[in-house]
Structure formats: C-alpha cells, structure tokens
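Here's the letter readout for the chains.
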Amino acid sequence: MDLNSASTVVLQVLTQATSQDTAVLKPAEEQLKQWETQPGFYSVLLNIFTNHSLDVNVRWLAVLYFKNGIDRYWRRATPHALSEEEKSTLRAGLITNFNEPVNQIATQISVLIAKVARVDCPRQWPELIPTLVEAVKVQDDLQQHRALLTFYHVTKTLASKRLATDRKLFYDLTSSIYSFTCSLWNHHTDTFLQQICRGDDAAAANSIERTLLSSKVLRKLTVHGFVEPHCNAEVMGFLHAVFERLKQFLECSRIIRAESICRDRLEKTIILFTKVLLDFLDQHPCSFTALIQRSLEFSVSYVFTEAGEGVVFEQFIIQCMNLIKMIVKNYAYKPSKNIEDSSPETLEAHNIKAAFFTFPTLMEICRRLVTHYFLLTKEELTMWEEDPESFTVEETGGDSWKYSLRPCMEVLFIDIFHEYNQTLTPVLLEMVHSLQGSTNVENTNAILIKDAVYNAVGLAAYELFDSVDFDQWFKNQLLAELQVSHDRYKPIRRRVIWLIGQWIPVKFQSDLRPILYEAIRNLLQDRDLVVRIETATTLKLTVDDFEFRTDQFLPYLESMFTLLFQLLQEVTQCDTKMHVLHVLSCVIERVNMQIRPYVGCLVQYLPLLWKQSEEHNMLRCAILTTLIHLVRGLGADSQNLYPFLLPVIQLSTDVSQPPHVYLLEDGLQLWLVTLENSPYLTPELLRIFQNMSALLELSSENLKNCFKIINAYIFLSSSEFLEMYAADLCRSFCELLKDITIEGQVQVLKVVENVLKVNPVLGPQMFQPLLPSVFRGIIEGERYPVVMSTYLGIIGRVLLQNARFFSLLLSQMACELGQESDQILGNMIEMWVDRMDNITQPERRKLSALALLSLLPSLNSVIQDKFCGIINISVEGLNDVMTEDPETGTYKDCMLMFHFEEPRTTEVEEPPTEQDKRKKILALRDPVHAVSLQQFVYEKLKAQQELLGEQGFHTLMETVDTEIVAQLQEFLQGF
C-alpha cells in the first residue's frame, strides 16, 4: 500500500466501522478483515492512532485492529506474517514518542508494545528498554507517565515468560535496570510524601500515580527477576524499605480526607506494597526468612493491637492476615519429624516463628480474632434483616479467603489453631466456660460474643476432638439454647444449629440423633428465615453423615420433607432455592424408596420451578439432580412423572439447544436413571433417542454415559428399539471406531455384545457392517488384550447362538481376504486358543468354551485338526466354572441360574432397579447361565464319537495332552 493514499481510504472505512448503523458498519468490518493480511496495513493504522487530531473513536478502533494483528500475524511462522522490514518500521514508530493524551488509548498502546516485546525483545528490539528508561527520566508529566505505563506492561509481559532461555534473559534485564527502578520508585514516593505534607493534592495525585506504576514494575522485577534474591543487597533493601513506606503511607491516611482524589490511589498503593511481600513469600519462601520477624511484627501490630486504629482498612487487614497465615502454614518453615533431616534455612525460619508466637502473643491474636473480628458487624446484621437470603449465601470455599474478610479471618484462625492447638485450646475453652447458660436477650453485645465463640468452636472442631465432650454439651446447654425463641436470640439459634452441623462428622453420639431431629424439626418452623436455611444445611450434614441410620430418621421424614418443601417455596433467590433443593435431594437419596408417600407436593411443584428458572441454568441443574434422586426413590412409579420428566430430558440432552452446555451431564444421568427404572418402553421414551446421534458425534467425556443409555434401551426393549435405531446406531459406531481411545472401542463393542446377547437372531444382521472388522481383528491378533477379549466375546455369541449367520460371515471374510473358508476358520480357532489368556471375565471364558464346542460334531478336517485346542479351552472353562460339592464329591457348574428370585435387600443395599430385574431374566436365557458346560462337553464329545466311530474318536483324543485328558475325565465322572 502507498501510505498517503492508503491512509485516506483506511481512515474512511474505520470511520464507517464506528457507525451505529449496521448497514454501514458490516461492510466496513468486512473490508477491514480483508485488509488484515495486506502489506502496509499496520503502518497505516499506526499513522492513524498516533495522529491526535483525529476522532477518538476512530483512533481507538485503529489501535484495537493493530493489537489483534500482532496476535495473529507478528510471529514469523504464522500464515500471512508481517515482513521483517514492516515490523522494523512499526517497532521504531511505536516508541518514537510517549505523548498519547487519551488514557484508554495510552493503555492499549502500552499493551500492544508489550505484546511485540514478548516476541522480539531483546533480540530483535534491543533499543526498547533503553528508550523506556530514558523516557521515564524526562520532566514532561504526560510523557513520563506514558513511558512508565509502557515500562510496566513490558516488564509484566516479559516476567510471565516461562521457558528457561526467556527466564535467563529476564534475569539479565532485571540486573541491568533494578537499581534505576529502585531510585525511580524512591524519587516518586518521596515526592508524593512531600507534596501531601504541603497539602498539594493535585500534584500529589500525579506523583502517587507514578509511585503506583514504579511499584508495579518493581514487584515484577523483585519476584521474577532473581534466582536467589536474598543474595542481592538491593532486593533485600527494597523489601525492608517496603515496610517503612507502608508505615509512612498508613500515617498519611490520617491526614488525607476520604473525599480526596488521593485517597483511593493511596489505598491501592498500600495494597500493592503488601502484594509485593505476599508474592515474594509465595515464590521465594527461603529468601523471605530474613523478613519473617518484621512481617509478623508489622502485621500483628496493625491488625491485633491499637497501632492500627484509625489507619487500617478492610483490604489491608485481609492482606496482613494472609501474610500471617502464609508464614504460619508455609511448609518450607516446618522442620521434619527428624530434626537432623531439616535444612538450616527451615530451622532458622521455624525458630523465628517459635520466638515470635509466644503464649501472650497467641492468646492476644486468638482473643482479638474471636471477640473482635468474628463479631457480626452492623452491616451484616442489617443485611440479615433486609435481605436474609443474601446473608445466608456466604462467600466461602475456593480462594475467597484471599479477598473477603470473614473467610480470611476464619481461615487464619483455623491455621493458627491447627499449628498451636496445645497452646490455644485452653484459651478457647476458657471463653466457652465463661458463657455457660443462656444469655440475656437484652444484651446484644453478649449475644454477639457468644455467637463468635461458638463460631470458633465449630471451626476448630477437629482440633478440639479430645478436649470437648460435645455430647454432654449438646444435652446440657446447646439444646436449651435452641429452645429460646426470642427474636433477639436468633443469632444464637442459628449459630448453635450451625455448630452442631460442624461437629456431626467429628463426634456426635448416634443415640442422640432422634433428639437432634426433633430440634431440627422445630427450627425448620422458626420465625426467622436465616435460622431455617441454616437448619436445612445442618439437616443435610446430618443425613449425609457416615453414621446416618434410616430407621432413626423415618419417624421425622414426613414432617421434615413437608417443612423443607415449604422452605423451597418460600425462598426466592436462585442460590437459595438450589441450596434447599440439594438438601431435599440428599434426604431423598438417603431414604430411597421410603420417600414415596411424601413426594406428591414436590412432584407437582418442580414443573412450575423448572418453568420459572428458564434464565437460571444452575438452578435447573439442581432440579435435574433432585429428579435423579426422585426417580431412584420412586422406582417403577416414576413413569407417572413422564409428562414432565421426558421433555426435561429432551431439552437437557439436545445439543442444538443452548442450555445443553450446562444441563447435558445431569440430563444424561437423569435419562439413564429413568430408563433403568422404567417398567416398559413408551413411544415418548423411544422418541428421545433421536438426540443420541448428535451426542455420539460430540465424542466428549459424556460418551460413557451415552453407551450406558444405549445399553439401557437394549435391555428395556431390544426389538422395538433396534428396529427404529439400529441402522443409525451402526453408522455412528462405524464412525466412532475410526478415531477413539482403546477404552472407547471396548465400550462400543460391549454395546454390540449386549445386542447379540439380548437378540441373537436379529442382532448380527443389524450390526453386520461392524462384524468383519471384529473378525479381522481376531485373525490378525489384535494387540490390546481388553479389545481382543471383547472381539472374542462378540464372535463367540454369533458362533454359539446364530451358526447360520456365522457361516455367512465366514464366507464373506473368505471373499474379502481371498482365502478358503476352512483356512480362515482354522486361523480363527488357532488365534482363539492362543489368546484365551486375554479373556479375564469368567462369563466370556465359559462362552468361548461353549462357542468352540458348538463346532462339534464335525467331519471337517480343519476342525478335527484344531480339536486339541478346542478341548484345551473346554478344560480351562471347566476349571473356571466347576465347583466341587464337599458332601457328594461331584462337580457342578457354578454359573448356572435356574429361576428368578426377587433378591432380599438389607437397609444398606439399594433395592434392585427394573433394569436389574431385566438383566436377571436375560441371564436365565443366556447359554452361559442356562447351559451346563460339563453336560455340553459330554454331549459334544459323545456326538463326535458317534460320528467318527470308536477308533476314529480314539485317534482324535490321542492328539490331546494326557494331563488335559485326565482332568477332562475327572470332570465328566458320572456321565
């Protein structure tokens, strides 16, 4: 492109691309997309976004297109890569001056320079860093700020590179600019402090912005720029200076008013200083040893003494608590059990910690955490009253302790208590003992302190296992506190029921469960919603516990279920409804079929809730989970739910519908459970299977469940199902087998095996396209044992149960391979005998024996030639399945099943599903379970003897090893 003429054209199209009119916008976007790969396009964009006289929106769009182009076309290996000449021109143009007046565009330019630096610096762009270093020294405020902003983004990007050569380059870069960056940081920090003391807020605001940017640069250099930072005096000097600066800035906060323009940036800078310490501790725990003492003194004094009053703010408290937590819990500071095995650095760090955390210090930290920080705040109590559901959805779990005060202080308490439990247990127990009996409902402060202490006892439950007789405490005090119904006592009712939930998995006597259920039932009728929701949570923990006994719970089931259902209807927020649904699901799961009389109300309500939750996919996931447990609990009666259930499954598993992204996994599970519990196949249930072919094409992690669903249809009604879907299924399987893991191959083949098992006459015809590859796999000696075993299972079924079709398949293979049928049959038997050890399942081993024996009696020379192998496999099969009756000394086939019995189930065992019953009936028809191998061997040998005559049969038997013959005779005694 000629730059001058091109600039006019590109500028015009960029202007059109900023239009709100789609008729103008779309063609412009298409044109820009075509130009992306044109030489010179990015030079034109550079000219446009650096021309400050043009419209801001046009310049903004130009810089974005430039940035996207770097991602796509800057690297040499990419298609349509920029030429080296153009890249050289662009690099020079990007750092010609740093005077962009618009903040947003300046940030984008800094980011795109950093993107280029990631690829080219320092080898192709050695002048970048020196140019930036010079630019940050200039007196012009705007240029200095923009250069510093770019310096930060470049440093941040280069620090993120992880390859060894890149790390080395970054170490070299850091060593060359670290001193300068430290002096820059000190200069801007001192300037800010002087200006703020003079009351010059406007100038101070500029200086603190530069302090912030230079601090960000130093954070990256300090944390990522040194292999052994503790060996570098400048690094350690900077880190020690951070503590001094933190004190100065915290004192500054006393004189900076809340409405001042500097206030927000001051707090950001304070937090950034603490992040430097936290990052350094995280990346270099051993180098941090020299800073442990100072970090603990600093953090503890500001957070747990009067020193912090008037200067600390919430985010700073969180950072200090996290610093203490990371030091307390750091594995690099924990000596081995055998002290001699610990490194000197570890012992030094451990000794520093031990010297600091004396009994008075620990006691003060514990007391302040519990009686100051754990107290419910005015804001929390207001939220409790005005928005109880949001109050109950606490931000816990994951990394919430890094950003939110309550999770942060609770995690710090848990870690300190775990580390120093022998010291702190008496301190906490003394607090508990001072709170015996119920508290005056008029004394709000006493109620809040009791709430905080009980919170601490719940958090430290595992540590207090040997020190607290929780059962006695529950009977003598806690139970009584749950019965105080005054409105002002609700924090204690809520906390006590929470506390019990924490102790349930730790130590709670089984005999006390009925008393607890009684208390839970009463609290589910409490006037306060927060108390009811917390009670539901404790019920879930109780029911989900290892020691849960259904018989103890059944007397309370109806009332509990009704109250939970009322709670589900009452709450309005999505998160709370999900939570209550999970409690209901858990109850249904644990009591299973006993739930049947009580679910009518829930069954009627769920369709309404499903309709209301159209925009809330996570709530719909919770509904699906509830339905899964409901269907399991209802068993065959779940068919009454089909008018609601089947459309839900249809939507959840339809990959053309957007919600499937969220609902598919649970939807497939529900589909499977519905089939397993269905007494018969309905037309609607059959129709849903139309969703399956698209699911199989996805080849996602859900394939395993898809195969289970296909198997469930086969067991439910193979004839109807296969008649409608066998052709599609066979096509899908052929495609899948081209590109699937070994485990996936086996899953596909097991489905085919089940088809043959259920429908031995029609099955082989329906899946005929798959069978030649299976046959070929056997002859060629498939190398994976688990695949070979499945191949043999499939061909064994065809050979044993559909000899006519096997004969046709053999002829087809002979044509395909250009060999005689007998030769292929001989090769197959030989490979079968050779690879019998690949088969580990007793059913398939017996099937192999039955299948090969079914070739007898025969005059075929190939079969007679392989007679010895057939007998070997038969005897192996007999050894697998025959058990000796100790009383009579005779043998019997242990795999034989004679009649269908409804199995008796204990409380622990789940009752059999409809599918379990179908499988049992199918097994009764399966030759593996219906035919005695001993009898079959005898009959086949007898028939072969009759066919060949005594002499001919004797000659045939002489080909068999004498040891095998002896075993055979022993098994056939009595025939």
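Please refer to the structure higher up on the page.
1. Description of the overall build of the protein
Next, step 1: Within the protein, the regular secondary structure consists of 47 helices and two strands.
Next, step 2: Computed over its C-alpha atoms, the radius of gyration of the protein comes to 38 Å, more than 25% above the 30 Å expected for a compact globule of 975 residues.
Next, step 3: Overall size of the protein, expressed as C-alpha extent along the three principal axes, is 120 × 90 × 70 Å.
Next, step 4: In the protein, which comprises 975 residues, the proportion classed as buried is 53%.
Next, step 5: Of all intrachain contacts in the protein linking residues separated by at least 6 positions in sequence, the fraction that spans at least 24 positions is 74%.

2. Regarding unusual backbone geometry
Next, step 1: Here C121 and P122 are connected by a cis peptide whose omega angle stands at 5°.
Next, step 2: Summarising the element assignment, P122 is placed in the loop between helix 6 (103-120) and helix 7 (128-135).
Next, step 3: A cis amide bond links L856 with the next residue in sequence, P857, at an omega value of -5°.
Next, step 4: Its place among the elements puts P857 in the loop between helix 41 (842-853) and helix 42 (861-865).
Next, step 5: In the Ramachandran plot, H80 falls in the positive-phi region, its phi being about 60° despite a non-glycine side chain.
Next, step 6: By the secondary structure assignment, H80 is in the loop between helix 4 (56-73) and helix 5 (84-94).
Next, step 7: On the basis of relative accessibility, which here comes to 56%, the residue H80 falls in the exposed class.

3. Remarks on empty space enclosed by the protein
Next, step 1: Summed over all chains, the structure comprises two cavities of 30 Å³ or more.
Next, step 2: Space inside the largest cavity adds up to approximately 170 Å³.
Next, step 3: Taken together, 16 residues make up the lining of the largest cavity; nearest its centre are N97, F98, N99, E100 and I109.
Next, step 4: Within the residue set of the lining of the largest cavity, elements represented by two or more residues are helix 5, helix 6 and helix 8 (141-159).
Next, step 5: Of the residues assigned to the lining of the largest cavity, the class counts are seven nonpolar, seven polar and two charged.
Next, step 6: By volume, the second largest cavity is sized at about 40 Å³.
Next, step 7: Around the second largest cavity sit L246, T274, L277, L278, F298, Q319, C320 and L323, which together line it.
Next, step 8: Broken down by secondary-structure element, the contributors of at least two residues to the lining of the second largest cavity are helix 12 (261-283) and helix 14 (314-329).
Next, step 9: By residue class, the composition of the lining of the second largest cavity is six nonpolar, two polar and no charged.

4. Focus on the layout of surface pockets
Next, step 1: Considering only enclosed or pocket space, the second largest pocket measures out at about 670 Å³ in volume.
Next, step 2: Around the second largest pocket sit 24 residues that line it, and F715, E753, N754, K757 and K919 are the ones nearest its centre.
Next, step 3: Listing elements by their share of the lining of the second largest pocket, those giving two or more residues are helix 31 (660-676), helix 34 (703-736), helix 35 (742-758), helix 41, helix 44 (914-925) and helix 45 (927-930).
Next, step 4: Taken together, the residues that form the lining of the second largest pocket break down as seven nonpolar, six polar and 11 charged.

5. Section: the packing of aromatic side chains
Next, step 1: This structure, assessed with the given rule, holds 41 aromatic pairs.
Next, step 2: Seen in terms of ring centroids, F249 and F273 are 5.4 Å apart; in terms of plane orientation they differ by 65°. Their pairing is edge-to-face. Linking F249 in helix 11 (residues 233-255) with F273 in helix 12, this pair joins segments that are 24 residues apart in sequence. Like F249, the residue F273 is buried in the burial classification.
Next, step 3: Relative to F288, the ring of F280 has its centre 6.3 Å away and its plane inclined at 45°; by these criteria the two rings are tilted.

6. A few points about the state of the cysteines
Next, step 1: Tallied over the entire structure, the rule returns zero disulfides.
Next, step 2: Just so you know, C408 is unpaired, no disulfide at all, and the nearest cysteine sulfur is the one on C320, 9.5 Å from it.
Next, step 3: Owing to a relative accessible area of 1%, C408 belongs among the buried residues under this scheme.

7. Comments concerning the packing of helix 39 (residues 803-817) against helix 40 (residues 821-834)
Next, step 1: Here helix 39 crosses helix 40 at 105°, and the two axes come no closer than 9 Å. In this view, helix 39 runs roughly perpendicular relative to helix 40, as classed from their interaxial angle. Contacts from F806, L810, S811, M813, A814 and L817 of helix 39 reach helix 40 at S821, I824, L825 and M828.
Next, step 2: Its residues assigned to classes, the contact of helix 39 with helix 40 shows eight nonpolar, two polar and no charged.

8. With respect to the pattern of salt bridges
Next, step 1: Under the criterion given, the structure shown has 48 salt bridges.
Next, step 2: Here E134 and K137 are joined by a salt bridge, their closest N and O atoms 3.4 Å apart.
Next, step 3: Looking at E134, the relative accessible area reads 49%, which means it is partly exposed.
Next, step 4: Note that D865 and K866 form a salt bridge whose closest N and O atoms lie 4.0 Å from each other.

9. Examining a nonpolar patch on the surface
Next, step 1: A grouping of M618, V661 and Y662 is seen on the molecular surface, where their side chains present a nonpolar patch of about 330 Å² in accessible area.
Next, step 2: Mapped onto the elements of the fold, V661 is located in helix 31.

10. Considerations on the environment of W498
Next, step 1: With respect to the helices and strands, W498 occurs in helix 23 (residues 490-503).
Next, step 2: Exposure remark for W498: the relative accessible area of 14% places this residue in the buried category.
Next, step 3: Separated by 41 residues in the primary sequence, W498 and L539 place their C-alpha atoms 9.8 Å from one another.
Next, step 4: When near neighbours in sequence (up to four residues on either side) are disregarded, W498 contacts Y454, N455, G458, L459, E534 and T538.

11. As for helix 41
Next, step 1: With 12 residues, helix 41 should reach 16 Å at 1.5 Å per residue; the first-to-last C-alpha distance of 17 Å fits that figure.
Next, step 2: For helix 41, a buried count of 10 out of 12 residues is recorded, marking the element as mostly surrounded by other parts of the structure.

12. Section: the nonpolar core
Next, step 1: Counting residues in hydrophobic clusters, the biggest one holds 341 residues, and the most contacted among them are M321, F413, W671, I710 and F733.
Next, step 2: Among the elements that take part in this core, helix 34 stands out by supplying 18 residues, more than any other.
Next, step 3: Those residues in contact with I710 that lie beyond four places of it in its chain are F689, M692, L696, F721, L729, F733 and V751.

13. Here's the deal with the packing of helix 19 (residues 405-419) against helix 21 (residues 444-459)
Next, step 1: One can describe the packing of helix 19 onto helix 21 by two numbers: an axis separation of 10 Å at closest approach and a directional angle of 55°. Considered as vectors, helix 19 and helix 21 are oriented oblique to each other. Crossing of helix 19 against helix 21: the hand is right-handed. Of helix 21, the residues touching helix 19 (which contributes R406, E410, F413 and I414) are N455, A456 and L459.
Next, step 2: Of the residues assigned to the contact of helix 19 with helix 21, the class counts are four nonpolar, one polar and two charged.

What counts and how
- Residues numbered from 1 in each chain as written.
- Predicted model: local features only at pLDDT ≥ 70, side-chain atom pairs only at ≥ 80, totals over all residues.
- Heavy atoms only, no water.
- Helix = DSSP H or I, 4+ residues; strand = E, 2+ residues; numbered from the N terminus.
- Rg over C-alpha atoms; globule rule 2.2 N^0.38 Å.
- Buried < 20%, exposed > 50% of the residue type's maximum accessible area, 1.4 Å probe, protein only.
- Contact = heavy atoms within 4.5 Å.
- 1 Å grid on protein atoms, 1.4 Å probe; cavity = no way out; pocket = protein on both sides within 12 Å on 5 of 7 lines; lining within 4 Å.
- Points joined across faces, edges and corners; volume = space filled by probe spheres on them.
- Nonpolar A, V, L, I, M, F, W, Y, C, P; charged D, E, K, R; others polar.
- Phe/Tyr/Trp six-rings, centres within 6.5 Å; stacked < 30°, edge-to-face > 60°.
- Disulfide = S-S within 2.5 Å.
- Axes fitted to C-alpha atoms, helices over the stretch in contact; angles between N-to-C directions.
- Parallel < 35°, antiparallel > 145°, perpendicular 65-115°, else oblique.
- Salt bridge = Lys/Arg side-chain N within 4 Å of Asp/Glu carboxyl O.
- Patch = residues over 30% accessible without salt bridge, like charges linked within 9 Å, V, L, I, M, F, W, Y side chains within 5 Å.
- Areas by Shrake-Rupley, 256 points an atom, 1.4 Å probe, with all protein chains shown as cover.
- Expected span 1.5 Å × (residues − 1).
- Core = buried A, V, L, I, M, F, W, Y, C linked by side-chain atoms within 4.5 Å.
- Left-handed = near helix turned anticlockwise from the far one by under 90°.

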